[in-house]
Amino acid sequence: MFDLEKIVRPSIRKLTAYSSARDEYKQEIANMLFLDANENPFTNGLNRYPDPQQSTIKKVLAEEKGLNTSQILLGNGSDEVLDLIFRAFCEPGKNAVITLPPTYGMYKVLADLNNVENKEVLLKKDFQPDVATILKKADDKTRILFLCSPNNPTGNVFDSDKIEKLVKDFKGIVVIDEAYIDFYAGESWVNFLSKFPNLVVTQTLSKAYGMAGIRLGICYASDAIISVLNKIKPPYNVNQLTQQKALERLQDKTLVQKEITQLLLERSKLISELEGIEIVDRIYPTDANFVLIKVDNATDRYNQLITKGIVVRNRTNQTLCENTLRITVGTSEENKYLIKAMKELVKIK
Ligand SMILES: *Cc1c(COP(=O)(O)O)cnc(C)c1O
């Protein structure tokens, strides 16, 4: 049985959250005079501290996902959300997490930063999780398992029976990082939160929603997990401008959907063009807005593309990703420009 109390760090279990007067009296509800926070009273649209609970955004998200607002935490990008999860559940120098390389680099950075052991269990050759080895490596000091699906940089989603087995059998928190979920036709694990008390799903406005510049990350989990994270988040971690822009964007579903549809079309066009290019040895299946390809020599090709003014991501140093490049799907013009440049690259003898 999953026991949340047992895995929250003792110092955090005891903590009470910082509370501002604004937490207690909501500006919209009571038309009150606010002389509590030493703000400048002259109105300019930004002279007040932002809503620490971002209630309006959460209402929109809760409705969309069929959850309660108490199951949502927002952060300054998902990177902040992931850091909060580390700090809530991992005692530095004592606890451990499991990550599955090749994957998103921030999990390891955050583990190092928090002085938490990172046990790495490589993905299998088909880039699926090695369920048996993961469960074998997990001991009672292992607090979090990070699953990135669709995975960065490989692009694939993890099989749902494998994820389900891991969520059921892993004794700590399972974080499913769904940064790219909007490019995937299948279901989000957000829909299974009520079934699994140890499940945390993270999403972001940085990719499909086209809002990388505002920094908004989203965490969905049980009420109990969210209230632990709420205790430790900085009170005003999502600024007023971000809240406004996020809300505008979330309310413009049609435009976002239109862009996603267009990117998916561009993705398939890009893939079929790449298939005809001599230096491309392999194109990995993708459910994200990028494509991982294997070429003859990734570092040479990367440098050649740079001289042509194109920056892709060289992933050759990542385990299982030798001689691979990760290419983000751009606009139609950008993709054409890339293909033209790649056609000019001839085989190095
Ligand atoms: C891009 C990306 C994120 C996004 O992080 P933000 O801080 O929200 O911009 C999270 N996880 C993965 C796997 C990513 O590739």
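Here, every reference points to the structure presented above.
**Focus: the environment of Ile232**
Move 1: By secondary structure assignment, the location of Ile232 is in helix 9 (residues 223–232).
Move 2: Residues in contact with Ile232, not counting those within four places in the same chain, are Ile12, Leu15, Leu84, Arg87 and Ala88.

**Examining the pattern of salt bridges**
Side-chain pairs of opposite charge can arise where the charged atoms are in close proximity.
Move 1: By the definition in use, this model includes 18 salt bridges.
Move 2: Taking the shortest distance from any N to any O, the salt bridge between Glu64 and Lys253 comes out at 3.6 Å. One end of the pair, Glu64, is in helix 4 (residues 55–65); the other, Lys253, is in helix 11 (residues 253–275), with 189 residues separating them in the sequence.
Move 3: Judged by its relative accessible area of 32%, Glu64 is partly exposed.
Move 4: Note on Lys253: relative accessible area 38%, which makes it partly exposed.
Move 5: For Lys162, the salt bridge identified is with Asp159, shortest N-O distance 2.7 Å.
Move 6: Lys162 sits in the partly exposed class, given a relative accessible area of 23%.
Move 7: Connected through shared salt-bridge partners, Glu64, Lys65 and Lys253 make up one network.

**Concerning the environment of Pro10**
Move 1: Along the chain, the position of Pro10 falls in helix 2 (residues 10–13).
Move 2: Residues Pro10 and Ala88 lie 78 residues apart in sequence; the distance between their C-alpha atoms is 9.4 Å.

**Some thoughts on the side chain of Arg267**
Move 1: Along the chain, Arg267 falls in helix 11.
Move 2: Residues within four places of Arg267 in sequence aside, it is in contact with Phe183, Thr286, Asp287, Ala288, Val291 and Val329.

**Observations concerning the nonpolar core**
Move 1: By size, the foremost hydrophobic cluster in this structure holds 50 residues, and its most contacted members are Leu100, Leu145, Leu147, Leu205 and Tyr220.
Move 2: One finds Phe2, Leu73, Val81 and Cys219 within the second-largest nonpolar core, a separate group that totals 32 residues.

**Notes on helix 6 (residues 106–113)**
Move 1: Regarding helix 6, the residues found buried are Tyr107, Leu110 and Ala111. Buried residues of helix 6 fall within an arc of 105 degrees about the axis and therefore sit on the same side.
Move 2: Structurally, helix 6 contributes buried residues whose contacts are with helix 5 (77–89), strand 2 (96–99), strand 3 (117–120), strand 4 (142–148) and strand 5 (173–177).
Move 3: Just downstream of helix 6, Asn115 is the residue with a positive phi angle, here 55 degrees.

**Side note on the site of the ligand**
Move 1: By nearness alone, 13 residues border the ligand, and Ser78, Tyr180, Thr204, Lys207 and Arg215 come closest of all.
Move 2: A distance of 2.6 Å is found between an oxygen atom of the ligand and a side-chain nitrogen or oxygen belonging to Arg215.
Move 3: Protein burial of the ligand: of its 390 Å² of free accessible surface, 93% is covered by the chains.
Move 4: Among the residues forming the shell around the ligand, the class breakdown is four nonpolar, five polar and four charged.

**A closer look at the packing of aromatic side chains**
Move 1: Within this structure, the stated rule accounts for seven aromatic pairs.
Move 2: Note on Phe86 and Phe146: the rings are 5.4 Å apart at their centroids and 20 degrees apart in plane angle, and the pair reads as stacked. Taken together, the residues span a long stretch of sequence, with Phe86 in helix 5 and Phe146 in strand 4 at a distance of 60 residues.
Move 3: With relative accessibility at 0%, the residue Phe86 sits in the buried group.
Move 4: Judged by centre distance (5.3 Å) and plane angle (50 degrees), the ring pair of Trp189 and Phe192 falls under tilted.
Move 5: Given a relative accessible area of 9%, Trp189 falls into the buried group.
Move 6: Ring pairs connect the aromatic residues Phe86, Tyr104, Tyr107 and Phe146, which therefore count as one cluster.
Move 7: When the ring centre of Phe290 is taken as origin, the NZ or CZ atom of Arg326, which lies over that ring, is 5.6 Å away.

**Focus on the sheet that holds strand 7 (residues 217–220)**
Move 1: With respect to topology, seven strands assemble into an open sheet ordered 1-7-6-5-4-2-3, the strand pairing being mixed. Of all the strands in the sheet, the pair left with one neighbour each is strand 1 (72–75) and strand 3. Strand-to-strand twist across the sheet, computed as the mean angle between neighbouring axes with direction ignored, equals 25 degrees.
Move 2: Here strand 5 runs beside strand 6 (residues 199–204); their pairing, made up of four bridges, is parallel. Directly across from Val175, in strand 6, lies its bridge partner Val200.
Move 3: This element, helix 4, spans strand 1, strand 6 and strand 7 of the sheet and lies at about 130 degrees to strand 1.
Move 4: Each of strand 1, strand 5, strand 6 and strand 7 touches helix 9; the most contacted strand, strand 1, lies at about 35 degrees to it.

Criteria and thresholds
- Residues numbered from 1 in each chain as written.
- Predicted model: local features only at pLDDT ≥ 70, side-chain atom pairs only at ≥ 80, totals over all residues.
- Heavy atoms only, no water.
- Helix = DSSP H or I, 4+ residues; strand = E, 2+ residues; numbered from the N terminus.
- Contact = heavy atoms within 4.5 Å.
- Salt bridge = Lys/Arg side-chain N within 4 Å of Asp/Glu carboxyl O.
- Buried < 20%, exposed > 50% of the residue type's maximum accessible area, 1.4 Å probe, protein only.
- Core = buried A, V, L, I, M, F, W, Y, C linked by side-chain atoms within 4.5 Å.
- Arc of directions from axis to C-beta.
- Near = heavy atom within 4 Å.
- Polar contact = N/O pair within 3.5 Å; in protein donor to acceptor, adjacent residues only side chain to side chain.
- Areas by Shrake-Rupley, 256 points an atom, 1.4 Å probe, with all protein chains shown as cover.
- Nonpolar A, V, L, I, M, F, W, Y, C, P; charged D, E, K, R; others polar.
- Phe/Tyr/Trp six-rings, centres within 6.5 Å; stacked < 30°, edge-to-face > 60°.
- Lys NZ or Arg CZ within 6 Å of the ring centre and 35° of its normal.
- Pairing = 2+ DSSP bridges.
- Axes fitted to C-alpha atoms, helices over the stretch in contact; angles between N-to-C directions.

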